[in-house]
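Single-letter residue listing:
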Amino acid sequence: MNLRHWLPALCGMACLGCGVGLIGIYGFFVEPLAQTFGVGVAAINTGPVALLLVPAFVAPLVGRLVDRVSIRRLMLAGVTCAMLSLCVSSIAPTLWVAALGFLGFAVGLTLYGPVVVNGLLVKTYPGREARALAVAAMGISLASMLLPPLVGVLLAWLQWRLALALLALGLMVGLWLLVLAGIPAHTASAQGNARGALETGLYRRPAFWLIGLCVALGLNVSLVLGICYPPHFVNQGYSVAQAGWLMSAAGLAGMTGKGIVAWLGDAGRHYARWIAAGLLLLQVAGIYLLLAADGVPQLLPAMCLIGFGAGGFIPMHPYLNSRYFDAANIGQVNGAQMPLFLPFGLVGAPLAGYAYDQLGNYQLVFQCLGVALLVSAALALALPASRN
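Structural notes, computed from the coordinates.

Criteria and cut-off values
- Residues numbered from 1 in each chain as written.
- Predicted model: local features only at pLDDT ≥ 70, side-chain atom pairs only at ≥ 80, totals over all residues.
- Heavy atoms only, no water.
- Core = buried A, V, L, I, M, F, W, Y, C linked by side-chain atoms within 4.5 Å.
- Buried < 20%, exposed > 50% of the residue type's maximum accessible area, 1.4 Å probe, protein only.
- Helix = DSSP H or I, 4+ residues; strand = E, 2+ residues; numbered from the N terminus.
- Contact = heavy atoms within 4.5 Å.
- Axes fitted to C-alpha atoms, helices over the stretch in contact; angles between N-to-C directions.
- Parallel < 35°, antiparallel > 145°, perpendicular 65-115°, else oblique.
- Left-handed = near helix turned anticlockwise from the far one by under 90°.
- Nonpolar A, V, L, I, M, F, W, Y, C, P; charged D, E, K, R; others polar.
- 1 Å grid on protein atoms, 1.4 Å probe; cavity = no way out; pocket = protein on both sides within 12 Å on 5 of 7 lines; lining within 4 Å.
- Points joined across faces, edges and corners; volume = space filled by probe spheres on them.

By size, the foremost hydrophobic cluster in this structure holds 129 residues, and its most contacted members are Met75, Met83, Tyr112, Phe233 and Leu290. By residue number, the principal contributor to this core is helix H11 (residues 206–235), which donates 16 residues. Once residues within four sequence positions are removed from consideration, Met83 is found in contact with Cys18, Leu22, Tyr112, Ala168, Leu171, Met172 and Leu175.

The following block contains the structure:
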């Protein structure tokens, strides 16, 4: 593999890992935040809603910018906004200030997150987009392997405020250096007539709605699972450090899932909908195995199944779109579908927190998430045959 040729994909890997990958550690801060500000878990669990609410309104605009302006500048602005906002949350005297900081993080993440990175890769690697998207998405698996144990250790040694500030500042410096080194200053943009073609027929195509709803359900389930894991494992009698290692095992399996997508995706592009449905059904099997697990030896296979399916599904959004829409407009298509994530995101995490407050566990939540994944798989299978 030519390292220089794949440098944008590797940089995208780092950006997704240190952006979307940070969602996986949110659960570690739920209990400390609830205790610090004197509120219930349900209130803290509304935080990730910002990660869907903000992109629902901002991503369509960002998607258009991806097709027209320097992606490097977008990403640098996003990294700065996101990490400084986390620093604000770390010193917040009230919950409202912390929430505003997290809102700023969501805005920054939109500028260097999946819509921007995936748009860059589909344009940069035509015909090899599945491999490039899977390579970049591996950053999320690496983050889920490395960050939970790191955060578990930091929280064991430091207060949550200092741990969050150190993490944010370190990531800001590292990402700035990587973006400057790995993202070209100028990227291809859409041609003038492409915009008109997109706007006249986009919303009338069934594939737009089926892909958007399928991915919205599948990725929202992963978001809620990531929040539920730490409290669930602690509630089952495991330590915070053990919870981190179990999540790390899921991250390792997710890396394998992305590797399989990178290997099969470009060759099996005509079977994209079947690949997506299979990955979703693997997660269903893992969730119900998790509910029946008794001890670490049974938990590990469950976490690996969930991690493999969830990890492989992460690049499915731009990959499925690349099978049905022109690459020149991929940023606009990805961005236009983001509002479809909003309804599920608004209810998922808060309802999970409410169920935990009422029942004292996440058993019912996991069962409902399994059903949601079954619906997502059905939407994937309802897609028409992809174009050449």
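Two elements in contact, helix H1 (residues 7–17) and helix H7 (residues 114–124), have axes whose closest approach is 10 Å; the angle formed by their N-to-C orientations is 170°. Classified by the angle their axes make, H1 and H7 are roughly antiparallel. Seen along the crossing, H1 lies across H7 with a hand that is left-handed. On H7, the residues that touch Pro8, Ala9, Gly12, Cys15 and Leu16 of H1 are Pro114, Val117 and Leu121. Taken together, the residues of the contact of H1 with H7 break down into 7 nonpolar, 1 polar and no charged.

Take the layout of surface pockets next. Computed from the structure, the largest pocket encloses a volume of approximately 650 Å³. The wall of the largest pocket is formed by 30 residues, among which Tyr26, Gly47, Ala98, Ala99 and Phe102 lie closest to the centre. Contributing elements (two or more residues each) for the lining of the largest pocket: helix H2 (26–37), helix H3 (41–44), helix H4 (50–66), helix H5 (71–90), helix H6 (95–112) and helix H9 (160–182). Of the residues forming the lining of the largest pocket, the biggest block, 8 residues, is contributed by H6.

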